[in-house]
Amino acid sequence: MSLTFHWFLPTYGDSRHIVGGGHGLPAGAAGGQRPADLGYLSQIGRAAEQLGFVGALTPTGAWCEDAWLTTAMLARETERLKFLVAFRPGFVAPTLAAQMAATFQRHAPGRLLLNVVTGGESHEQRAYGDFLDKESRYARTGEFLHIVRELWRGETVTFAGEHLQVENARLARVPDPVPPVYFGGSSPAAGAVAARHSDVYLTWGEPPAQVAEKVAWIRSLAAEQGRTVRFGIRLHVITRDTAEQAWAEARRLLDGFSDEAVKAVQTGLARSESEGQRRMLALHGGDRDGLEVSPNLWAGVGLVRGGAGTALVGSHAEVAERITEYHRLGIDEFIMSGHPHVEEAYWFGEGVLPLLAGAGLWTHPSAPATAAQHGTGVPFAAGVKP
């Protein structure tokens, strides 16, 4: 099975430095020197498409642009790229969300992927009019996905749950194909929803041993439901021709933010209700020292950014080896990003992906069958094995 790689659309702005924001940080915390207008986001999307990324994740929250509207516009600017649209079930009625997905798939056939985000921060949820606590939000997400999947099967749905209720709901047109559901979360409530409803379970970039535990946990819960799920991981990346060049770039990014900035961000993130965010914070403890928490896994991003806070850092061969290590644990999909997102897409796409292709682990989505099967013309990566 060929690995699947997705890139990232920074709908809050981009920069040659780490751009903050996410997970409960205030609206306006992000930004950067490159505004997140359609011209720039289209540039990123076309680069990702050309390099062989299957899709691109678009975040959700008060700190970025709306993912549905942005990706709908970007679909006209690209040809093949799929859009992993993050959205929060509590903000959209399930019948409307099911209809929106069907509309997207009709106008951009097969190019919608859905990242369901329950919402880990009560204060941000309340800004949108959602006053449920965290446990109740996960319960509502389960009800939401039950309704949506029934509608996607063409059923007429009447449902009365604790949080959601619909009567004689039906879609005039079901999505074709039905978009896969990506879902993440590290709490027990999240695991239960993921096991029952997700197609792909996502984890942030924790060290391999911790990722292995998560894979085993979700796999077991899904088996209890008579289901199987795929697994994906969300990581930043800094890859260069040599390890020295990559770590020099990591040091440059680290030097770009002051101790005061780190303290301010960490104070905000410490209030997070997200178990995943807590696990990210535990990797570095707000300290600039000891940030390589596992070989080539750098926790420096999480000092000034909420959400995914780790990056693979190293030579192209080293990064390919780490990806292979995660793959052996059961990870098949990788959502990558880097600052700035155009340049880092090319570093990764031209440096790492050919090595994985040579090892028989990846094929370009547009590659002819013979090249896809044999890795034609691409050298094997030293130390990277299928």
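To keep things clear, this report deals only with the structure shown in the data block. (Residues numbered from 1 in each chain as written. Predicted model: local features only at pLDDT ≥ 70, side-chain atom pairs only at ≥ 80, totals over all residues. Heavy atoms only, no water.)

1. Things to note about unusual backbone geometry
Omega for the peptide link from Asp176 to Pro177 comes to 0°, which places this bond in the cis form. One can find Pro177 in the loop between β6 (165-169) and β7 (181-184). With omega at -10°, the peptide bond leading from His339 into Pro340 counts as cis. Tracing the chain through its elements places Pro340 in the loop between β13 (333-337) and α12 (341-351). We note that Asn168 has phi near 55°; this positive angle belongs to a residue other than glycine. Judged by its relative accessible area of 54%, Asn168 is exposed. Here Asn296, not a glycine, exhibits a phi torsion of approximately 70°, which is positive. Looking at the secondary structure, you find Asn296 in the loop between β10 (292-294) and β11 (297-298). (Helix = DSSP H or I, 4+ residues; strand = E, 2+ residues; numbered from the N terminus. Buried < 20%, exposed > 50% of the residue type's maximum accessible area, 1.4 Å probe, protein only.)

2. A closer look at the side chain of Glu333
Its location among the elements puts Glu333 in strand β13. For Glu333, a relative accessible area of 5% puts it in the buried group. Polar contacts involving the side chain of Glu333 include one to the side chain of His6, which spans 2.8 Å. Within the local environment of Glu333, its side chain forms a polar contact with the side chain of Arg230, the two groups lying 3.2 Å apart. When residues no more than four places from it in sequence are discounted, the contact partners of Glu333 are Thr4, His6, Tyr182, Val200, Arg230, Phe231, Gly232 and Ile233. (Polar contact = N/O pair within 3.5 Å; in protein donor to acceptor, adjacent residues only side chain to side chain. Contact = heavy atoms within 4.5 Å.)

3. Remarks on the packing of aromatic side chains
By convention here, two paired aromatic rings are described through the distance between centres and the angle between planes. Counted by the stated rule, this structure contains 12 aromatic pairs. Pairing Phe8 with Tyr12 gives two aromatic rings, centres 6.3 Å apart and planes at 50°, and the pair type is tilted. In this structure, Phe8 and Tyr12 share a single accessibility class: buried. Over the face of the ring belonging to Phe8 we find Arg234, whose NZ or CZ atom lies 4.5 Å from the ring centre. (Phe/Tyr/Trp six-rings, centres within 6.5 Å; stacked < 30°, edge-to-face > 60°. Lys NZ or Arg CZ within 6 Å of the ring centre and 35° of its normal.)

4. A few points about a nonpolar patch on the surface
A grouping of Leu38, Leu69 and Met73 is seen on the molecular surface, where their side chains present a nonpolar patch of about 290 Å² in accessible area. Here Met73 lies in helix α2 (residues 67-74). Residue class for Met73 comes out partly exposed when judged on its relative accessible area of 46%. (Patch = residues over 30% accessible without salt bridge, like charges linked within 9 Å, V, L, I, M, F, W, Y side chains within 5 Å. Areas by Shrake-Rupley, 256 points an atom, 1.4 Å probe, with all protein chains shown as cover. Salt bridge = Lys/Arg side-chain N within 4 Å of Asp/Glu carboxyl O.)

5. Observations concerning the packing of helix α6 (residues 188-197) against helix α7 (residues 208-224)
With their axes 8 Å apart at the nearest point, α6 and α7 run at an angle of 55° to one another. With respect to their mutual orientation, α6 and α7 come out oblique. Read as a crossing pair, α6 and α7 show a hand that is right-handed. Of the residues in α7, those touching α6 at Pro188, Gly191, Ala192, Ala194 and Ala195 are Trp217, Ile218, Leu221 and Ala222. (Axes fitted to C-alpha atoms, helices over the stretch in contact; angles between N-to-C directions. Parallel < 35°, antiparallel > 145°, perpendicular 65-115°, else oblique. Left-handed = near helix turned anticlockwise from the far one by under 90°.)

6. Observations regarding the environment of Arg137
Examined against the element boundaries, Arg137 turns out to sit in helix α5 (residues 134-152). By relative accessible area, Arg137 is classed as buried at 0%. With 78 residues separating them in the primary sequence, Arg137 and Pro59 have C-alpha atoms 19 Å apart. One polar contact links the side chain of Arg137 to the main-chain carbonyl oxygen of Leu132, over a distance of 2.9 Å. Within the structure, Arg137 has its side chain in polar contact with the side chain of Glu273 (distance 3.5 Å).

7. Observations regarding helix α10 (residues 275-284)
In an α-helix, one turn spans 3.6 residues; hence positions three or four apart end up facing the same way. The element α10 is extensively covered by neighbouring structure, given that 7 of its 10 residues are classed as buried. Looking at the buried residues of α10, the elements they touch are β8 (200-204), α7, α9 (259-269) and β10. The opening residue of α10, the one whose side-chain oxygen lies 3.2 Å from the backbone nitrogen of Gly276, is Ser274. With its phi angle positive at about 60°, Gly285 sits one or two positions after the end of α10.

8. Some points on empty space enclosed by the protein
Counted under the stated rule, the structure contains 3 cavities of 30 Å³ or more. In this structure, the second largest cavity spans a volume of roughly 60 Å³. Lining the second largest cavity are Ile18, His236, Val237, Ile238, Leu253, Val301, Ala311, Ser337, Gly338, His339 and Glu344. In terms of residue count, the dominant contributor to the lining of the second largest cavity is strand β9 (residues 230-240) (3 residues). (1 Å grid on protein atoms, 1.4 Å probe; cavity = no way out; pocket = protein on both sides within 12 Å on 5 of 7 lines; lining within 4 Å. Points joined across faces, edges and corners; volume = space filled by probe spheres on them.)

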